[in-house]
Amino acid sequence: MYDFDLAPDRLETGSTKWSRYPADVLPMWIADMDFAVAPEIVSALKRRLDHPVFGYAVAKSELREQIVADLDRRFGWRIAADDIVFLPGIEPGFNMALKASLSPGEKILIQTPMYKPILDAPSHWGLEALHVPLVRGEKGYGLDRGALAEKLAGARAFLLCNPHNPTGHVYARDDLAFIAAACEAGDTLIISDEIHCDLVFDGGSHVPIASLAPEVAKRTITLMSASKTYNIPGLKTGFAIITDHKLRDAFNAARSGMVDSVNLMGLEATLAAYRDAGPWRAALLDYLQENRDHLGRALRRLIPDIRYHPPEASFLAWLDCSALGLKQRPHVFFLEEAKLGLYAGEVFGAGYEQFVRLNFGCTRATLTQAVERMAAALSRNAGN
């Protein structure tokens, strides 16, 4: 029904992903998939285009009710429609949260590696960032409870990313309960970026941290969006869920002069995604999971020195290139020698200079070509 082996040509379309490099470079950096969106979303946008006025927009009650129903059905999390605050993206959301809730000089905890907008956010508001690295085991990344509890004791807020970008780690319920208890003990605000929550692999399930208990929700700002799952990030629409009315009022007040109304077409697309595109999402998830596993097999066969833990969610691979012995940073080497555009590891935090992030939200043929280009470049430069 959906053929993810076919992808539209995105050159000369104004795509951020495909405009960054020359045409001979495969771009696999930014978190933007190459697949055509669900036909249900396209149909909904075409219907809206039949009305010739495109003024400022507010979310329809149907969209609020759809989100409420989906959260209850998928996560057992019951919220009210008024708990939802629509936003032009997740990045404005966590910046609004910091502006609303913290004062210059206060401390915020972030787990590294972490994608750049979160890493940069504290400096926008004069905050001190405390970094706690995730720990790496044989099967992937996880929580360092001791280090987290120690740093949380001095933090006014914790900026959680779950599922985690770039490692793809999905936090288990008991780890989330530990985080929630530590934040309650320190009266710490939780800002939870959960944008990848609908792309969990292997039959796993996502747990919104605010769903653990009403007292956890009371101190939590949860950020979600259809943008990553349904490949509509250019429509710039997301939402915050804030069940405490005082926290929600403060959050809304922080939009002044910074965050305006939400994209009309983004609201339409979000409703169509959640209401109509469930079968598309299920097919996409199967395809992405096979891409994830295909990447692992290809790396083991062609470049076994790259250390790769298959992510538990999303379409991003965090690759440790330390054992390759490259004289250049790996993202520079693969760009120059393999014509492959990857995200540089150092932008995710200090100590990750030998890592790259690869986006496998592409056709399987493109993914195969990428690994073959990497292997060929390494072979040509062996011993140099």
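Look up a bit, the structure's there.
Here the structure is a predicted model, which is why all the values come from computation and not from measurement.

Cut-offs applied
Residues numbered from 1 in each chain as written. Predicted model: local features only at pLDDT ≥ 70, side-chain atom pairs only at ≥ 80, totals over all residues. Heavy atoms only, no water. Phe/Tyr/Trp six-rings, centres within 6.5 Å; stacked < 30°, edge-to-face > 60°. Helix = DSSP H or I, 4+ residues; strand = E, 2+ residues; numbered from the N terminus. Buried < 20%, exposed > 50% of the residue type's maximum accessible area, 1.4 Å probe, protein only. Lys NZ or Arg CZ within 6 Å of the ring centre and 35° of its normal. 1 Å grid on protein atoms, 1.4 Å probe; cavity = no way out; pocket = protein on both sides within 12 Å on 5 of 7 lines; lining within 4 Å. Points joined across faces, edges and corners; volume = space filled by probe spheres on them. Nonpolar A, V, L, I, M, F, W, Y, C, P; charged D, E, K, R; others polar. Contact = heavy atoms within 4.5 Å. Pairing = 2+ DSSP bridges. Expected span 1.5 Å × (residues − 1). Arc of directions from axis to C-beta. Axes fitted to C-alpha atoms, helices over the stretch in contact; angles between N-to-C directions. Left-handed = near helix turned anticlockwise from the far one by under 90°.

The next point concerns the packing of aromatic side chains. In the structure shown here, the tally under the stated rule is 17 aromatic pairs. A centroid spacing of 5.6 Å and a plane angle of 45° characterise the contact between Phe4 and Tyr287, whose relative ring orientation is tilted. Linking Phe4 in the segment before helix 1 (16–19) with Tyr287 in helix 11 (residues 278–302), this pair joins segments that are 283 residues apart in sequence. According to the relative accessible area criterion, Tyr287 is buried, its value standing at 9%. The interplanar angle of 75° and the centroid separation of 5.6 Å between the aromatic rings of Tyr352 and Phe355 together place this pair among those described as edge-to-face. For the residue pair Tyr352 and Phe355, the accessibility class agrees, reading buried in each case. Of the aromatic side chains, those joined through ring pairs into one cluster are Tyr2, Phe4, Phe35, Phe86, Tyr230, Phe239, Tyr274, Trp280 and Tyr287. The ring of Trp29 has Arg20 sitting right over it, with the charged end atom 4.1 Å from the ring centre. One cation-aromatic arrangement involves Arg364 over Tyr287; the distance from NZ or CZ to the ring centre is 4.2 Å.

There is about 1100 Å³ of room inside the largest pocket. Considering the residues around the largest pocket, the lining is formed by 45 residues, among which Ala31, Asp32, Lys228, Pro233 and Gly234 are closest to the centre. Secondary structure elements with two or more residues in the lining of the largest pocket: helix 2 (39–49), helix 4 (90–101) and helix 5 (116–124). Counting residues per element, the lining of the largest pocket draws most heavily on helix 2, at four residues. Residue classes in the lining of the largest pocket are distributed as 22 nonpolar, 12 polar and 11 charged.

Note that His331 resides in helix 12 (residues 330–338). When its relative accessible area of 18% is taken as the criterion, His331 is described as buried. Setting aside chain neighbours within four positions, we find His331 in contact with Leu342, Ala344, Glu346 and Val356.

Let's shift gears to the pairing of strand 10 (residues 238–241). Of the two faces of strand 10, the one carrying Gly238 and Ala240 and the one carrying Phe239 and Ile241 are both buried. Pairing geometry for strand 2 (residues 84–87) and strand 10, over four bridges, is antiparallel. Counted as the bridge partner of Leu87 is Gly238 from strand 10. Where strand 9 (residues 220–224) meets strand 10, three bridges bridge the pair, whose relative direction is antiparallel. Within strand 10, the position partnered with Thr222 by the bridge is Ile241.

Taking 1.5 Å per residue, 15 residues should reach 21 Å; helix 3 (residues 61–75) reaches 21 Å between its end C-alpha atoms and fits that length. Among all positions in helix 3, only Leu63, Gln66, Ile67, Asp70, Leu71 and Phe75 are buried. Each buried residue of helix 3 sits inside an arc of 130° when the element is viewed along its axis, so together they form one side. Seen from the buried face of helix 3, the exposed residues on the opposite side, beyond 90 degrees, are Glu65 and Arg73. On its buried face, helix 3 is in contact with strand 2, strand 9, strand 10 and helix 10 (264–276). Positioned one or two residues after helix 3, Gly76 has a phi angle of 65°, which is positive.

Interaxial distance between helix 4 and helix 5 falls to 10 Å at its minimum, and their mutual angle equals 35°. When you trace helix 4 past helix 5, the crossing you get is right-handed. Across the interface between the two elements, Glu91, Phe94, Asn95 and Leu98 of helix 4 pack against Pro117, Ile118, Ala121, Pro122 and His124 of helix 5. Of the residues in the contact of helix 4 with helix 5, the class split is six nonpolar, two polar and one charged.

Everything listed here is a matter of coordinates, which is why it stays silent on function.
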